[in-house]
Amino acid sequence: MKTLAFDARMGASGDMLLGALLAVGADPSVLDPVEQRLDIQYQIGESTRCGISGTNVQVVSDTGFEEIHDDSSGDDEDRSEGGHAHGHGHSHEDDHDHGHSHEDDTSHDHSHGHSHDHADTVEGAGPNRTYPEVIEIIESMALPNAVEADAKAIFELLGEAEASVHGTDLDSTHFHEVGADDAIADIVGAALLLHNLDPDRVVTTPVAAGGGEVAMSHGIYPVPTPAVVELAEWADWSLRGGPIETELLTPTGAAILTHVAEGVEQLPTLQVDIAGYGIGDNTFEAHPNVLRAMFGTTTDELKQEPATVLETNLDDATPEELGGLQETLKEVGALDVSIIPATMKKSRPGHLVKVITAPEDAKRVANRLARETGTLGIREHGRGHRWVASRDYRTVTVDADGEDVEIGVKIASVGDDIFDISAEFDDAQIGAAETGLAVRELMRRAEQAAREQLEKQAGENE
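What you see is a predicted model; the values in this text were computed from it and never measured.

Glancing now at the overall build of the protein. On a plain count of helices and strands, the protein comes out with 11 helices and 20 strands. Counting across all 462 residues of the protein, residues that qualify as buried make up 52%. For the protein, the share of sequence-separated contacts (at least 6 apart) that also reach a separation of at least 24 residues comes to 74%. Counting every atom, the protein has about 20900 Å² of accessible surface; 46% of that belongs to carbon and sulfur.

Take a look at the structure:
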């Protein structure tokens, strides 16, 4: 299983995640759609923090090019909200770097795309957009479907966090700085780079939030900030304070990790193929301001996927309506649909419908469930996860007493351990009607043919 692991003991921000993904091999050319739509460029370079070299990313105006200042000359004015640059959900005033510069903390940078002589970083640049305005921009980029879905889901998390903090609804919530060009570039860029790497699993160790206080447009708040706390409540990973008194985890970084990463207390057993570091803008005396990423393979664990459960009680649905739910709900993203007999109020017979779906598909699945059944209420059991095995689907050709029949087979495994081979019943049923053999016999032959294929492949790979 291809696994991407983050070591987040110094927190995370949008630009640090971009740097870390590039450092472990993501292709920077996939960022072109964002640059073209927003008239920005990703300025990608190498920097050093406390002796650790890594990849530094800044989003700059497409009107020119600005060298990142060499921060070895002394303390820098913080251009972000605490420890990291880019991607915070609030406006800040008079924030300064709490760290110290070092002689070995240097920057060597180049631009992705064209070369320019002058430019400005675009942190916080552009209008403070609403959620629908941000979604409209993302949809105009002509991104691959999976990338667009991930970018929208991350912004939905941010919007829900902001709405919860401020007591508003998603569509009317303004994103402040995370609706600006650089935050869109961070989030869409991270989605593009992740899909370019195409890991089977993304994990993170407990994420450091930092400490102290931070000045925002609404006042002075303790770290972690309210939006980060909301996101951490929904995340699978753990949040921890420290190790220094400054903000280390931004809402943009928290939202990206909430959507893509499962939490682990320690790194899994991992055959590391490549490791690298995403560099934060600020420097600290004894702590390297870096996000470490490791990309490799694990062989002994189930994959964890984000999931949520929807359920509703029905006492007036017809058998035809219930029978069609498996197909109609899966068309809009349902992963599994269960229909359970139940006793309703006044001892009436009814059914409990339970649906597992990815969190970003929950609203769409709930709408279809309501339309198909007429239910007046659907419960959601919050964001969680499900453990799943790797699944390989293939078609085998079965000899049905002189006739060839093609039957699909599902192969379930954890790492190199194949623990289940199952023929598709529908295919075997069609073959049985054509040949006169029993469905059960065709399924047995298909599963045996799949086992022989796998044994042959294993022998060829030795």
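Don't stop here, the text continues.
On to helix H8 (residues 319–330), then. All of the buried residues along H8 are Leu322, Leu325, Thr328 and Leu329. The buried residues of H8 occupy an angular sector of 120° when the element is viewed end-on, so they sit on one face. For H8, exposure combined with an orientation more than 90 degrees from the buried face picks out Pro319, Glu320, Gly323 and Glu327. Where H8 is buried, its residues touch strand E13 (303–314), strand E14 (334–343), strand E15 (349–357) and helix H9 (362–373).

For the pair helix H5 (residues 181–197) and helix H7 (residues 251–260), the least separation of the axes is 10 Å and the interaxial angle reads 35°. Helix-helix and strand crossings are classified by hand; for H5 and H7 the assignment is right-handed. Between H5 and H7, the residues in contact are Asp186, Ile187, Ala190 and Leu194 and Thr252, Ile256 and Val260, respectively. The residue inventory of the contact of H5 with H7, partitioned by class, reads 5 nonpolar, 1 polar and 1 charged.

Turning our attention to the environment of Gly402. Structurally, Gly402 can be placed in the loop between strand E18 (390–400) and strand E19 (403–414). Through-space distance from the C-alpha of Gly402 to that of Thr435 is 9.4 Å; in sequence the pair is 33 residues apart.

As paired elements, E18 and E19 share 11 bridges and run antiparallel to each other. By the bridge assignment for E19, Arg394 is matched with Val409. Taking the residues between adjacent antiparallel strands as the criterion, E18 and E19 are bridged by 2 residues, where Asp401 takes a positive phi near 55°. Where E19 meets strand E20 (residues 417–423), 6 bridges bridge the pair, whose relative direction is antiparallel. In the sheet register, Ala412 faces E20, and the bridge partner there is Asp420.

Let us look at unusual backbone geometry. For the peptide bond that leads from Val223 to Pro224, omega is 5°, which places it in the cis range. Cis geometry is adopted by the peptide bond preceding Pro243, which originates at Gly242 and carries an omega value of 5°. Here Pro243 shows up in the loop between strand E9 (239–240) and H7. Although it is not a glycine, Cys50 sits at a positive phi angle of roughly 50°. Examined against the element boundaries, Cys50 turns out to sit in the loop between strand E2 (40–49) and strand E3 (52–61). The class of Cys50 is partly exposed, set by a relative accessible area of 27%.

For the pair helix H4 (residues 145–166) and H5, interaxial distance at closest approach is 9 Å and the crossing angle is 135°. Judged on the interaxial angle alone, H5 and H4 are oblique. Judged by the sense of rotation from one axis to the other, the crossing of H4 with H5 is right-handed. Of the residues in H5, those touching H4 at Ala146, Val147, Asp150, Ala151, Ile154, Phe155 and Leu158 are Ala183, Ile184, Ile187, Val188, Ala191, Leu192 and His195. Classifying every residue of the contact of H4 with H5 gives 12 nonpolar, 1 polar and 1 charged.

Thresholds applied
Residues numbered from 1 in each chain as written. Predicted model: local features only at pLDDT ≥ 70, side-chain atom pairs only at ≥ 80, totals over all residues. Heavy atoms only, no water. Helix = DSSP H or I, 4+ residues; strand = E, 2+ residues; numbered from the N terminus. Buried < 20%, exposed > 50% of the residue type's maximum accessible area, 1.4 Å probe, protein only. Contact = heavy atoms within 4.5 Å. Areas by Shrake-Rupley, 256 points an atom, 1.4 Å probe, with all protein chains shown as cover. Arc of directions from axis to C-beta. Axes fitted to C-alpha atoms, helices over the stretch in contact; angles between N-to-C directions. Left-handed = near helix turned anticlockwise from the far one by under 90°. Nonpolar A, V, L, I, M, F, W, Y, C, P; charged D, E, K, R; others polar. Pairing = 2+ DSSP bridges. Parallel < 35°, antiparallel > 145°, perpendicular 65-115°, else oblique.

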